[in-house]
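Architecture and fold: a report
Below are the chains, spelled out letter by letter.
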Amino acid sequence: ERNEIDKIKQVVEEDKKILFEKDENSNTILHLAAMQGHVRLLTKLTAFYPSDKIKLIIQQPNRDGNTPLHLAKNAIFIFLNYLFEINLRYFSNL
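Quick look at unusual backbone geometry now. Phi at S26 takes a positive value of approximately 65 degrees, unusual for a residue other than glycine. Within the secondary structure, S26 is located in the loop between α1 (2-14) and α2 (29-35).

Spelled out as structure tokens, the structure:
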């Protein structure tokens, strides 16, 4: 994961326009990272945005109306549910 993050960081350093580009669903790079629950990548990416723009960026909705903040919350919720299921499966017999 660290190598992938370093590669993405290098691409962003070479062309900061990628931070503001959107795909066909109006997802920015922050939306995509948030959907996958990549907390470390989100931390690195947000450091590239100008401080006066970061609030607008994290509140920017995609085509479905989801912001990077919403998507990150959903990814964390899914992960926590997964951990809860593992806990029930493996530790319910104790």
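Looking now at the packing of α1 against helix α3 (residues 39-46). What describes two packed helices is the angle between their axes and the distance between those same axes. Taken N-terminus to C-terminus, the directions of α1 and α3 make an angle of 20 degrees; their axes are 10 Å apart at the nearest point. Here α1 lies roughly parallel to α3, going by the angle between them. The two elements α1 and α3 cross, and the hand of that crossing is right-handed. Contacts between α1 and α3 involve R2, I5, I8 and V12 from the first element and R40, L41, K44 and L45 from the second. Its residues assigned to classes, the contact of α1 with α3 shows five nonpolar, no polar and three charged.

A few words on a nonpolar patch on the surface. Side chains of I76, F79, L80, Y82 and L83 sit close together on the surface and give an oily, nonpolar patch of about 500 Å² of accessible area. With respect to the element layout, Y82 can be found in helix α5 (residues 68-91).

The end-to-end C-alpha distance of α5, which contains 24 residues, comes to 34 Å, matching closely the 34 Å that a straight helix rising 1.5 Å per residue would cover. The set of residues buried in α5 consists of P68, L71, A72 and A75. Along its buried surface, α5 packs onto α2, α3 and α4 (54-58).

Here we take up the environment of Q36. Locating Q36 in the fold gives a position in the loop between α2 and α3. Classification of Q36 by relative accessible area gives exposed; the value is 57%. A C-alpha to C-alpha distance of 18 Å links Q36 and E24, two positions 12 residues apart in sequence.

The next point concerns the side chain of H31. Looking at where H31 falls in the secondary structure, it is placed in helix α2. A distance of 2.9 Å separates a polar atom in the side chain of H31 from the backbone oxygen of Q60.

On the surface, E13, E14, D15 and E21 cluster together into a negatively charged patch. By the element assignment, D15 lies in the loop between α1 and α2.

Thresholds applied
- Residues numbered from 1 in each chain as written.
- Predicted model: local features only at pLDDT ≥ 70, side-chain atom pairs only at ≥ 80, totals over all residues.
- Heavy atoms only, no water.
- Helix = DSSP H or I, 4+ residues; strand = E, 2+ residues; numbered from the N terminus.
- Axes fitted to C-alpha atoms, helices over the stretch in contact; angles between N-to-C directions.
- Parallel < 35°, antiparallel > 145°, perpendicular 65-115°, else oblique.
- Left-handed = near helix turned anticlockwise from the far one by under 90°.
- Contact = heavy atoms within 4.5 Å.
- Nonpolar A, V, L, I, M, F, W, Y, C, P; charged D, E, K, R; others polar.
- Patch = residues over 30% accessible without salt bridge, like charges linked within 9 Å, V, L, I, M, F, W, Y side chains within 5 Å.
- Areas by Shrake-Rupley, 256 points an atom, 1.4 Å probe, with all protein chains shown as cover.
- Salt bridge = Lys/Arg side-chain N within 4 Å of Asp/Glu carboxyl O.
- Expected span 1.5 Å × (residues − 1).
- Buried < 20%, exposed > 50% of the residue type's maximum accessible area, 1.4 Å probe, protein only.
- Polar contact = N/O pair within 3.5 Å; in protein donor to acceptor, adjacent residues only side chain to side chain.
- Lys, Arg positive; Asp, Glu negative; His and termini not counted.
- Charge placed at Lys NZ, Arg CZ, Asp CG, Glu CD.

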